[in-house]
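Working through the structure, step by step
Below are the chains, spelled out letter by letter.
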Amino acid sequence: MNQNLLKPFRTPETPGSFFLSFEGIEGSGKTTQISDLETFLKSINKRVLVLREPGGSTFGEKLREAILESKVPLHPLAECHLFLSSRAQLLNEKILPFLLRPDSVVILDRYIDSTIAYQGFARGLGLETILTLHQHNPLNLLPHRTYFLDIDFATSMDRQKSRGNAKDYFEAEQEEFYQKLIAGYRALPELFPDRILKIDASGTAESIKTQIMNDLKTYLK
Ligand SMILES: Nc1ncnc2c1ncn2[C@@H]1O[C@H](COP(=O)(O)OP(=O)(O)O)[C@@H](O)[C@H]1O
Ligand SMILES: [Mg+2]
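Residues numbered from 1 in each chain as written. Chains lettered and ligands numbered in written order. Predicted model: local features only at pLDDT ≥ 70, side-chain atom pairs only at ≥ 80, totals over all residues. Heavy atoms only, no water.

The next subject is the packing of aromatic side chains. If you walk through the whole model with that rule in mind, you get 12 aromatic pairs. A ring pair is formed by phenylalanine 22 and tyrosine 147, whose centres lie 5.5 Å apart and whose planes are at 50°; its orientation type is tilted. Taken as a pair, phenylalanine 22 in strand 1 (residues 18-23) and tyrosine 147 in strand 4 (residues 145-150) lie far apart in primary sequence, 125 residues in all. For the pair formed by phenylalanine 22 and tyrosine 147, the shared burial category is buried. When the ring of phenylalanine 170 is compared with that of phenylalanine 177, the centres are 6.3 Å apart and the planes differ by 20°; the resulting orientation is stacked. Residue phenylalanine 170 is classed as buried on the basis of its relative accessible area of 7%. Clustering of aromatic rings is evident, with ring pairs tying together Phe83, Tyr118, Phe148, Phe153, Tyr169, Phe170, Phe177, Tyr178 and Tyr185. Between the NZ or CZ atom of arginine 87 and the centre of the ring of tyrosine 111, over which it lies, the distance is 5.1 Å. (Phe/Tyr/Trp six-rings, centres within 6.5 Å; stacked < 30°, edge-to-face > 60°. Helix = DSSP H or I, 4+ residues; strand = E, 2+ residues; numbered from the N terminus. Buried < 20%, exposed > 50% of the residue type's maximum accessible area, 1.4 Å probe, protein only. Lys NZ or Arg CZ within 6 Å of the ring centre and 35° of its normal.)

Structure follows, in structure tokens:
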């Protein structure tokens, strides 16, 4: 990996503001954990903004539909640029302005690591391509901390079944795609060791929450 590709990345600078993301395949528990965390952070008087990717803005939700409801396979680069377009808009319209206040926390349900795992690894564009596409403002903004909820394929399928929704564009993929995705996600903590914490998310929601809270304590002053 060309280390120069990591140089343009930065984290939000307002002291006391905090930018967090949750990552992991479908059913890993992102939405469940984010909801608990949002409740906790509000109880300690933080201003909290929870956003999902793709989407989160009016423009982004339209792109979300274009991707997740697509009936034809999209070229990996077409897919990738739709996500990046949604992300740039979300950063400019919502994330960056919100983080200007010192008591604010932005929590993202998926962010750059999803693009690396899905389009970089599973769709085969490669890590360097994805990093190259994030070199410029505002896409070069990284979270302070990322919780990667790690589960295997079988657990994902079980939990998707129990959730019971119709499968979207990515959920309908076959096992081979999921295995590449999981391998991609698992490679990421090594690349960003200071940012990404991998959590075994096969346990109970309560045990995962405890691990997240223990980690967060050291960051939330
Ligand atoms: N630790 C867990 N153990 C068992 N089931 C879980 C756990 N966390 C979440 N679930 C359930 O699994 C399903 C998927 O969880 P969800 O939070 O929606 O995952 P994601 O947002 O990552 O797709 C939901 O039905 C949820 O209630
Ligand atoms: Mg979810």
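This part is about the sheet that holds strand 2 (residues 47-52). Taken together, the five strands give an open sheet; going across it, the order is 2-3-1-4-5, and neighbouring strands pair in parallel fashion. Because the sheet does not close on itself, it has two edges, and the strands there are strand 2 and strand 5 (196-200). With direction set aside, neighbouring strand axes in the sheet form an average angle of 20°. Taken together, the four bridges between strand 1 and strand 4 define a ladder with parallel strand orientation. Residue pairing in the sheet places phenylalanine 22 in a bridge with tyrosine 147 of strand 4. Across the sheet, helix 4 (residues 112-122) lies against strand 1, strand 4 and strand 5, angled at about 25° from strand 1, the strand it touches most. (Pairing = 2+ DSSP bridges. Axes fitted to C-alpha atoms, helices over the stretch in contact; angles between N-to-C directions. Contact = heavy atoms within 4.5 Å.)

Here we take up empty space enclosed by the protein. For the structure on display, the rule yields one cavity of 30 Å³ or more. Roughly 50 Å³ of internal volume is contained in the largest cavity. Lining the largest cavity we find Phe22, Gln33, Asp36, Leu37, Phe40, Lys209, Ile212 and Met213. Among the secondary structure elements, those contributing two or more residues to the lining of the largest cavity are helix 1 (30-43) and helix 8 (205-217). Take the lining of the largest cavity: its biggest share by element is four residues, from helix 1. The class makeup of the residues in the lining of the largest cavity is five nonpolar, one polar and two charged. (1 Å grid on protein atoms, 1.4 Å probe; cavity = no way out; pocket = protein on both sides within 12 Å on 5 of 7 lines; lining within 4 Å. Points joined across faces, edges and corners; volume = space filled by probe spheres on them. Nonpolar A, V, L, I, M, F, W, Y, C, P; charged D, E, K, R; others polar.)

What follows is about unusual backbone geometry. With omega at -10°, the peptide bond leading from glutamate 53 into proline 54 counts as cis. Here proline 54 lies in the loop between strand 2 and helix 2 (58-68). The residue after asparagine 137, namely proline 138, is reached through a cis peptide bond having omega 0°. Mapped onto the elements of the fold, proline 138 is located in the loop between helix 5 (127-132) and strand 4. In this structure, asparagine 45 is a non-glycine residue whose phi angle is positive, near 65°. Mapped onto the elements of the fold, asparagine 45 is located in the loop between helix 1 and strand 2.

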